[in-house]
Structures are given as C-alpha cells and as structure tokens.
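Chain by chain, the residues:
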Amino acid sequence: EESSAALLSVLPLPTSPEAIGEAQSENQQPVLYNCSWTGGTVVISAGATLTEAAIASLPADLDQLSYSDFALRSYTYAGDGLDQDIVCQLMNVPLLADAEVAPDVSVYDGCATLGLSKLTLPQPGEADRVNRHRLRQRLNDSPLGREALAAARELKVALQESNEVDVAVGDRTFTISRKDLETKVFLPYIQRINRQINALLSQTNLSAQGIKQVVCTGGSAALATIAKWLRQRFPNATIIQDTYSGEYSNSCSRVAYGLANLCHYPKVLDTDRHQYNDYFLLLELLRVLPDQPLPARGILHLLEQRGINT
C-alpha cells in the first residue's frame, strides 16, 4: 500500500542510519531517511483516484516493524473526485442557467447535451462509484465537460493562493471563492478522511493526542485546508506534508523512496499476498490445467508440483 511505503520513506536503515546520513550529505539528495520515530504514526496518501490512511505503532527497535503493525483503510475518491465535485457543486448551476437563457448560442450546445440535471450526482467527498462513473462518461463525452474538468484542476491550485478566482468555461466567466471551494468540496472530503482516521484510532486503541508523527503525501493531500485540519486534529504530532514545490519538486516520489527502503524492512511485506503476481498465477494455471474438469484439490496439486506455494 502507498501509505505503508510513504511511512518507510522517513525511516532510517535499521542497522546504520549514520551511513545513510553520510551518503545523503555527499550526494546532496533530499534527506528522507532521517527520522528517529517511535509510537503512534498516521499516514495519509491521496493521488488521483485513491485515498489511503494508515496508523502504525512504531516499535523502539525498528527491526521488529512488521505488516501487522499497520492498520489500513482506503476508498476510491481523491483528485479526480474533487474535480468532479467542483464541477457539480460550483460550476453546474451557472452553466445550466446560461444554457437555459441562451439555448440557441452554439457555445452552449454542449451544455444542453451535458445533461447533468438528468444524472444522479454523487455526494461530495463520497466514492459513489456508479454515479461517478456515469458522471465521468458524461463529462468526458462533451467538449464543455472536458473544459469544465480542466478548469476545476486549475481552480484547486489557484485558490490556494487567492481568495477568489475567475473561471472561464465556454464564453462564460464566473467567480468562485476559496470559501465556497472549502465548504462545498474540501470539507466533505476531509470529513470522510476523518471518519477513516477515527475508525483506525479505535482499531489501534490510540488517541489523537497520542499520535506523535503524521506523514501526508500525494497531490490531493497537499491542500492547505488539509494542513490546517491536521494541525487541529493531531496537536502533539510532528507533521510532514508534501507540497510538491521548491528545489526537489521533480525528484523521485516519497512512495518510490519508501518502496526502495522496503528491502531493509522485509517484515512489512505482506508475503502471502505479494509473493506472486496475479498474471503469473494465471499463466501457471493455463500451463497446468488439463482438458478435462478437475476438483480444486487436483488443481492445487498440479500447481504444487510446479513449486507454487498454494
């Protein structure tokens, strides 16, 4: 999971953290493996389609860190869902209003066929896969819909620096405020993440006050609104939030650094799940299956003869 990998990105080599520090000094690379962390740690990872949350109690001896130390939750909502919610919650009303006022204007022909009023729109901040799939199809099938999604992506960035932004869709320009964006789109997302965190805290018998470290990574987790919420939610924690700007903005991702460090924390690997790729197993099945039907035990026996750990 990306959230587990993100945590490994800040941990030193269990055996020789000093050597890592020297190597980083010589190579002048971003210092990631430099945290002497123990105790309750929260990780939030959110990119385009998936938001993951993890809580781990880091042992004093990091050699003992294992997969069972992680409590994990995820749901299929992140940057793409935020873009959709910006279109639905902040752009849909003025676009449809203009389409009704000037139905013969060619630039709004696409808006008439967009037909968002005919769809069951997803609830802000929720995965709602079926409705989001239909909404994505409708927006991507329309030039105006694609233009609205592009404007939404730009809006997320622009309103981090400004209180209001003028958005142009078709030949219509309207103003969207940071307050509206935060209350109608970002707040439902943060509330959903908060419910995930609460469930994980309950599962691990930890309190928000007992969390010592937080790692927040991924483009959708870089929002200033999330940073503010994290400071309030975990008042005693050291918070690392990736913002993807500055000297190393184009360097390797935190998740990739964590995956590279996984070889030093082999117990974190969920061996049963990761020892075989799905396509590898499919290929082995195709190789061993005879022409006649076999019971499951017979199939497992054939796989075992090929050395597969069934």
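Note that the structure is a prediction, hence the values are computed from the model and not measured. The numbers attached to residues start from 1 for each chain and follow its sequence in the written order. In view of the model being predicted, local features appear only for residues whose pLDDT reaches at least 70, and side-chain atom pairs are presented and counted only at 80 or more, with totals across whole chains, interfaces and linings using the full set of residues. Processing note: side-chain calculations cover all non-hydrogen atoms of the structure and skip hydrogens and water entirely.

Regarding the overall build of the protein chain
And then number 1: Per the convention used, a helix needs a DSSP run of H or I reaching at least four residues, while a strand needs a run of E reaching at least two, with both numbered from the N terminus. The number of helices and strands found in the protein chain is 12 helices and seven strands.
And then number 2: Sequence separation of at least 24 residues holds for 67% of the intrachain contacts in the protein chain that already meet a minimum separation of 6.
And then number 3: Within the structure as shown, the protein chain displays about 16,600 Å² of accessible surface, and the carbon and sulfur contribution to it stands at 50%. We call two residues in contact when some of their heavy atoms are within 4.5 Å. Only the protein chains shown count as covering a residue, and every accessible area follows the Shrake-Rupley method with a 1.4 Å probe.

Quick word on the confidence of the model for the protein chain
Caution applies to low-pLDDT regions: their predicted coordinates should not be interpreted in detail.
And then number 1: With 84% of its residues at a pLDDT of at least 70, the protein chain reaches an overall mean of 85.
And then number 2: Each residue gets a pLDDT score, which is the predictor's confidence in that residue and runs from 0 to 100. Note that pLDDT drops below 50 for residues 27–31; the model gives that stretch nine contacts with residues more than four away or on any other chain.
And then number 3: Confidence over residues 105–110 falls short of pLDDT 50; this stretch has 10 contacts with residues more than four positions distant or in other chains.

With respect to the environment of Gln84
And then number 1: Along the polypeptide, Gln84 turns up in helix H3 (residues 79–101).
And then number 2: In the structure, Gln84 is positioned 51 residues away from Leu135 in sequence and 7.9 Å away in space, judged by C-alpha atoms.
And then number 3: With sequence-adjacent residues up to four places away left out, Gln84 is seen in contact with Arg132, Leu135, Arg136, Leu139 and Leu149.

What to know about the sheet that holds strand S1 (residues 39–46)
And then number 1: For two strands to count as paired, DSSP must find a minimum of two bridges between them. The strand order S3-S2-S1-S6-S7 describes an open sheet built from five strands, whose pairing is mixed. Whereas interior strands pair on both sides, the edge strands pair on one side only; in this sheet they are strand S3 (70–75) and strand S7 (238–241). Neighbouring strand axes in the sheet, compared pairwise and without regard to direction, differ in orientation by 10° on average.
And then number 2: Of the pairings in the sheet, the one linking S1 to strand S2 (residues 51–58) comprises eight bridges and is antiparallel in character. For Ile44, the partnering residue across the bridge sits in S2 and is Ala53. Comment: axis = line fitted to C-alpha atoms, over the contacting stretch for helices; angle = value between 0 and 180 degrees taken between N-to-C directions.

Structural notes on the nonpolar core
And then number 1: What we call a nonpolar core is a set of buried Ala, Val, Leu, Ile, Met, Phe, Trp, Tyr and Cys residues that are connected through their side-chain atoms within 4.5 Å. For each residue, the accessible area found with a 1.4 Å probe, counting protein chains only, is set against the maximum for its type, and the residue is called buried under 20%, exposed over 50%, and partly exposed in between. By size, the foremost hydrophobic cluster in this structure holds 52 residues, and its most contacted members are Met91, Tyr189, Ile197 and Phe234.
And then number 2: Top contributing element to this core by residue count: helix H7 (residues 178–204), with nine residues.
And then number 3: Not counting chain neighbours up to four residues away, the residues in contact with Tyr189 comprise Ala46, Thr51, Tyr75, Tyr77, Ala78, Leu82, Gly125, Ser220 and Ile226.

Focus on the packing of H7 against helix H8 (residues 224–233)
And then number 1: Two numbers describe how H7 lies on H8: the axes approach to 11 Å, and their chain directions differ by 40°. It follows that H7 is oblique to H8 by the angle criterion. Regarding H7 and H8, the two cross each other, and that crossing is right-handed. On H8, the residues touching Glu182, Phe186, Tyr189, Ile190, Ile193, Asn194, Ile197, Asn198 and Leu201 of H7 are Thr225, Ile226, Trp229 and Arg233.
And then number 2: All residues other than Ala, Val, Leu, Ile, Met, Phe, Trp, Tyr, Cys, Pro, Asp, Glu, Lys and Arg, Gly among them, are scored as polar; the first ten of these are nonpolar and the last four charged. Its residues assigned to classes, the contact of H7 with H8 shows eight nonpolar, three polar and two charged. Our angle categories are set so that under 35 degrees counts as roughly parallel, over 145 as roughly antiparallel, 65 to 115 as roughly perpendicular, and the remainder as oblique. The handedness criterion is simple: a crossing whose near helix is rotated anticlockwise from the far helix by less than a right angle is left-handed, and one whose near helix is rotated clockwise is right-handed.

A few points about the packing of aromatic side chains
And then number 1: Note on aromatic contacts: the rings of Phe and Tyr and the six-membered ring of Trp form a pair at centre separations within 6.5 Å, being stacked when their planes are under 30 degrees apart, edge-to-face when over 60 apart, and tilted otherwise. Counted according to the given criterion, the structure contains three aromatic pairs.
And then number 2: Plain terms: the ring middles of Tyr77 and Tyr189 are 5.3 Å apart, the flat faces sit at 50° to each other, and that makes the pair tilted. Of this pair, Tyr77 sits in the loop between S3 and H3 while Tyr189 sits in helix H7, placing them 112 residues apart in sequence. The pair formed by Tyr77 and Tyr189 is uniform in burial state, with each residue classed as buried.
And then number 3: Each ring, one from Tyr276 and one from Phe280, has its centre 5.5 Å from the other, and the planes form 20°; the classification is stacked.

Brief notes about unusual backbone geometry
And then number 1: Despite not being glycine, Asp128 shows a phi value in the positive range, around 45°.
And then number 2: Assessed through its relative accessible area of 29%, Asp128 is described here as partly exposed.
And then number 3: Of note in this structure, Asn205 is not a glycine but carries a positive phi near 60°.
And then number 4: Looking at the secondary structure, you find Asn205 in the loop between H7 and strand S6 (211–217).

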